[in-house]
Amino acid sequence: SLLRLPEVRISDNGPYECHVGIYDRATREKVVLASGNVFLNVMAPPTSISVLAADTPAPFSRYQAQNFTLVCVVSGGKPAPLVYFKRDGEPIEATPLPEPPAGAGSWAPRNLLHRDLDDTKVPKSLAAEGGVGGGQPPVTADPPRGLAAERGAVTETIPETVVSREFPRWVHVAEPIYYFRHTHAPISDGTVEARATLTWTLNPQIDNEALFSCEVKHPALSMPMQSEVTLVAPKGPKITMTPTRARVGDTVRILVQGFQNEVFPEPLFTWTRVGSRLLDGSTEHDGKELVLERVPAELNGSMYRCTAQNPLGSTDTHTRLIVFENPNIPRGTEDSNGSLTGHCGFRLVLALTLTVILELT
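Per an unreviewed UniProt entry, the protein chain goes by IGS21 protein and derives from Corythaeola cristata.

Enquirer: Before we move on, could you go through the overall build of the protein chain and cite the residues and values that matter?
Expert: Across its full length, the protein chain holds 3 helices and 20 strands. Counting every position in the protein chain, which comprises 361 residues, the buried fraction comes to 35%.

Enquirer: I'd like a description of the nonpolar core, backed by residues and values.
Expert: One recurring pattern in soluble globular proteins: nonpolar side chains tend to sit buried together. Counting residues in hydrophobic clusters, the biggest one holds 27 residues, and the most contacted among them are Leu-70, Cys-72, Phe-85, Trp-200 and Phe-212. Listing elements by their share of this core, those giving two or more residues are strand S3 (48–53), strand S4 (66–77), strand S5 (82–87), strand S9 (192–202), strand S10 (211–217) and strand S11 (225–230). Broken down by element, the residue count for this core peaks at 5 residues, all from S9. Setting aside anything within four residues of it in sequence, one finds Leu-70 in contact with Val-51, Leu-52, Phe-85, Ala-196, Thr-197, Leu-198, Trp-200, Phe-212, Val-229 and Phe-264. Within the second largest apolar cluster, 21 residues are counted, among which are Ala-246, Val-252, Val-256 and Cys-306.

Enquirer: Account for unusual backbone geometry, with residues named and values stated.
Expert: Looking along the chain, the bond that leaves Lys-78 and enters Pro-79 is cis, with omega of 0°. Note the cis peptide between Phe-264 and Pro-265, where omega equals 0°. Residue position: Pro-265 is located in the loop between strand S14 (252–258) and strand S15 (268–273). The phi dihedral of Arg-28 is positive, around 55°, even though this residue is not glycine. With respect to the helices and strands, the residue Arg-28 is situated in the loop between strand S1 (14–24) and strand S2 (29–40). In this structure, Glu-209 is a non-glycine residue whose phi angle is positive, near 70°. Tracing the sequence through the fold places Glu-209 in the loop between helix H2 (204–207) and S10.

Enquirer: Outline the state of the cysteines, listing residues and values.
Expert: By the definition in use, this model includes 1 disulfide. Across the disulfide, Cys-72 is cross-linked to Cys-214 (sulfur-sulfur distance 1.9 Å). When the S-S torsion is -80°, as for the bridge of Cys-72 with Cys-214, the disulfide is left-handed. Here Cys-72, found in strand S4, pairs with Cys-214, found in strand S10; they are 142 residues apart in sequence, far enough to count as distant. There is no split in this pair, since Cys-72 and Cys-214 are both buried.

Enquirer: Describe in detail the packing of aromatic side chains, supporting the description with residues and values.
Expert: The tally for this structure, following the rule as stated, stands at 5 aromatic pairs. Residues Phe-68 and Trp-200 carry aromatic rings whose centres are separated by 5.4 Å and whose planes lie at 85° to one another, so their mutual orientation is edge-to-face. In this pair, Phe-68 is assigned in strand S4 and Trp-200 in strand S9, connecting sequence segments 132 residues apart. Centroid distance Tyr-178 to Trp-200: 5.4 Å. Interplanar angle 55°. Geometry classified as tilted. Note that Tyr-178 is positioned in the loop between helix H1 (160–163) and strand S8 (179–186) and Trp-200 in strand S9, a separation of 22 residues in sequence. For Tyr-178, a relative accessible area of 7% translates into the label buried. Taken together, the ring pairs connect Phe-68, Tyr-178, Trp-200 and Phe-212 into an aromatic cluster. A cation over an aromatic ring shows up here: Arg-245 above the ring of Phe-324, its NZ or CZ 4.1 Å from the ring centre.

Enquirer: Outline a nonpolar patch on the surface, listing residues and values.
Expert: Together, Leu-3, Leu-5 and Val-8 line one region of the surface with nonpolar side chains, adding up to about 270 Å² of accessible area. Relative to the helices and strands, Leu-3 is located in the segment before S1. Exposure remark for Leu-3: the relative accessible area of 60% places this residue in the exposed category.

Enquirer: Describe in detail the pairing of S9, supporting the description with residues and values.
Expert: Within S9, 9 of the 11 residues are buried, which leaves the element mostly enclosed by the surrounding structure. As judged from the 11 bridges shared by S4 and S9, these two strands associate in the antiparallel manner. Across the sheet, the residue bridging to Val-74 is Ala-194, located in S9. Note: S8 against S9, 8 bridges, orientation antiparallel. Opposite Tyr-179, over in S9, you have Thr-199 as the bridge partner. As consecutive antiparallel partners, S8 and S9 are separated by 5 residues, and within that stretch Gly-190 has a phi angle of approximately 100°, a positive value.

Enquirer: I'd like to hear about the side chain of Thr-199, residue by residue, with values.
Expert: By the secondary structure assignment, Thr-199 is in strand S9. Engagement of the side chain of Thr-199 in a polar contact is seen with the side chain of Thr-69, the distance being 2.8 Å.

Enquirer: I'd like to hear about the sheet that holds S11, residue by residue, with values.
Expert: Strand order in this open sheet of 4 strands is S6-S5-S10-S11, and the pairing throughout is antiparallel. Of all the strands in the sheet, just strand S6 (90–91) and S11 have a single pairing partner and so form its edges. Bridging between S5 and S6 involves 2 bridges; their strand directions are antiparallel. Bridged to Arg-87 within S6 is Glu-90.

Enquirer: Got a sec to walk through the confidence of the model for the protein chain? Specific residues and values, please.
Expert: A low pLDDT means the predicted coordinates there should not be read in detail. Of the residues in the protein chain, 70% reach a pLDDT of 70 or more, and the chain-wide mean stands at 77. Mean pLDDT per element in the protein chain: H1 is the minimum at 35, and S10 is the maximum at 97. Here residues 101–165 is a poorly scored stretch, pLDDT under 50, and it has 101 contacts once near neighbours within four places are set aside; other chains count.

Rules used throughout
- Numbering of residues begins from 1 in every chain and follows the order in which that chain's sequence is written.
- Restriction of local features to residues with pLDDT of at least 70 applies here, the model being predicted, together with a cutoff of 80 or more for giving and counting side-chain atom pairs; totals for whole chains, interfaces and linings are based on all residues.
- The side-chain quantities take in all heavy atoms of the structure and omit both hydrogens and water.
- Here a strand is any run of E in DSSP of at least two residues, a helix any run of H or I of at least four, and the numbering for each starts at the N terminus.
- Per-residue accessibility, obtained with a 1.4 Å probe over protein chains only, is compared with the maximum for each type, and a residue is labelled buried under 20%, exposed over 50%, and partly exposed between these values.
- Think of a nonpolar core as a cluster: buried Ala, Val, Leu, Ile, Met, Phe, Trp, Tyr and Cys residues, connected wherever their side-chain atoms sit within 4.5 Å.
- The contact rule is simple, with two residues in contact once any of their heavy atoms fall within 4.5 Å.
- We call a pair of cysteine sulfur atoms a disulfide when they lie within 2.5 Å.
- Ring geometry is summarised as follows: Phe, Tyr and Trp rings, the Trp one being its six-membered ring, pair when their centres sit within 6.5 Å, and such pairs are stacked at plane angles under 30 degrees, edge-to-face over 60 and tilted between the two.
- Counted as over-ring charges are cases with an Arg CZ or a Lys NZ within 6 Å of the ring centre that also lie within 35 degrees of the ring normal.
- Exposure above 30% relative accessible area and the lack of any salt bridge qualify a residue for a patch; like charges then connect within 9 Å, and the nonpolar side chains Val, Leu, Ile, Met, Phe, Trp and Tyr within 5 Å.
- Using a 1.4 Å probe, the Shrake-Rupley method yields the accessible areas, and only the shown protein chains count as cover for residues.
- What makes a salt bridge here is a side-chain nitrogen of Lys or Arg within 4 Å of a carboxyl oxygen of Asp or Glu, nothing more.
- By definition, two strands form a pair when at least two bridges between them are found by DSSP.
- Contacts described as polar in this section are N or O atom pairs within 3.5 Å, which, within protein, must combine one atom able to donate a hydrogen with one able to accept it, while residues neighboring in sequence count only if both atoms come from side chains.
- pLDDT is a per-residue confidence score from the predictor, ranging from 0 to 100.

Spelled out as structure tokens, the structure:
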């Protein structure tokens, strides 16, 4: 007797039994004389792998060293794959992080390193900050190979004019310390989803344009799968304005459509009006798009600045709004908000006058 499975699937995983017996015609029952079983363990290679930044876009301080986390998500594998990270093609030796506490939805380590600037814009030393944050695993006397503790870290004093428009140039005398956590969860089809996180203190001076890759080893794969990203600060935002020829009363949309380079992690966008407030009275607006509703003639020639920034750096660009006269709107009929109050007011007065005349007659 032979059982043939032409196309093995994950659902075929499990025990199989073979029974040998006879049929007793007298009792009309099957009598089992012997049986055997075997367990079929079906392996499946991962179907997808991706690397993304955790919690982006997220607010950050340009005057403080940032903790940064890469997340590698691997789906469709059985059994759970082995996941690890590389930087510029070299494997990263990382300190394992503990499992997240029960019931914690989005658990993340506390600050692994904190440096800030005082009122004089001179970076404080690591010793003055009290060392490493409380959420970090205790550092042993003999740290893992390649993970030298940052003792006596040195920071660079930079001029006030540089601090006001650029990110601090943190100088590390030791290589970064990486922290790694790996978890996996079962999926309804019998496979698992593996998640690996890599956390370290981001340094714009050495991490900008660094290539990070997540690789996966699995018994069903002949060679590792991988997905890679390059950390890059934004450069040269490209801005479009619609309509290209704005007229009084139009709604103008100014949108960031891209950059001269691929940006990772995703940047934050801030809009300001040079020398004045925005049309709605606010000092700034967040988001990729700035909407100016019913633009008045007074905005002609106004300049708008878009600042794009991520923890690796920032850049900005400007655009000027040119407002043309609208032939459908008589000159001087719009108010400060661009609404057509003059013409409507004239119609209202004329209607009231006719009503009074009719009542008198």
